[in-house]
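# Summary of the model geometry
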Amino acid sequence: IEGVVASLGIHRQGLDYNSPDGQPVHLVFLVLSSEIATPAYLSVLGRTARIFHREDMRQKLLAAASPQDIIQTIAEQEPA
């Protein structure tokens with residue numbers, strides 16, 4: 001892997017993932033990086049946590065009609 005690669009999986013009905021609160025999991029994130037990209041990895045991880053901590057953001061993604069809508073919703077949260 002060169003740099004940082006991220007992936008988002010969405011399951012609208014929710015999956016039993018043995019979460020601490022017992023609630024189904026709707027969003028699953030995968031973030032990978034090379035060893036030399038650790039600072040970038042930590043930045044992506046921090047931004048991901050900050051953006052998706054908000055309930056309204058998570059609901060927007062669950063309601064998105066297409067991958068393009070998901071990308072646009074996430075991009076709106078990032079500074080230009």
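Above this note sits the structure.
I will try to describe carefully the structure that is included in this document. A quick note: this is a predicted structure, and the numbers were derived from the prediction, not measured. (Residues numbered from 1 in each chain as written. Predicted model: local features only at pLDDT ≥ 70, side-chain atom pairs only at ≥ 80, totals over all residues. Heavy atoms only, no water.)

Look at helix H1 (residues 38-52): 21 Å from first C-alpha to last across 15 residues, which is about the 21 Å you get at 1.5 Å a residue. Residues of H1 that are buried: Val44, Thr48, Ile51 and Phe52. For H1, the angular spread of buried residues about the axis comes to 80°, placing them on one side. In H1, those exposed residues whose orientation departs by more than 90 degrees from the buried face are Pro39, Leu42 and Arg50. (Helix = DSSP H or I, 4+ residues; strand = E, 2+ residues; numbered from the N terminus. Expected span 1.5 Å × (residues − 1). Buried < 20%, exposed > 50% of the residue type's maximum accessible area, 1.4 Å probe, protein only. Arc of directions from axis to C-beta.)

So, on to unusual backbone geometry. The phi dihedral of Asn18 is positive, around 55°, even though this residue is not glycine. With respect to the helices and strands, the residue Asn18 is situated in the loop between strand S1 (4-15) and strand S2 (25-33).

As enumerated under the stated definition, the model contains 1 aromatic pair in all. Taking 4.7 Å as the distance between ring centres and 50° as the angle between the ring planes, the aromatic pair formed by Phe29 and Phe52 counts as tilted. Taken as a pair, Phe29 in strand S2 and Phe52 in helix H1 lie far apart in primary sequence, 23 residues in all. For Phe29, a relative accessible area of 34% gives the class partly exposed. (Phe/Tyr/Trp six-rings, centres within 6.5 Å; stacked < 30°, edge-to-face > 60°.)

Scope: geometric values only; no functional claims are made or implied.
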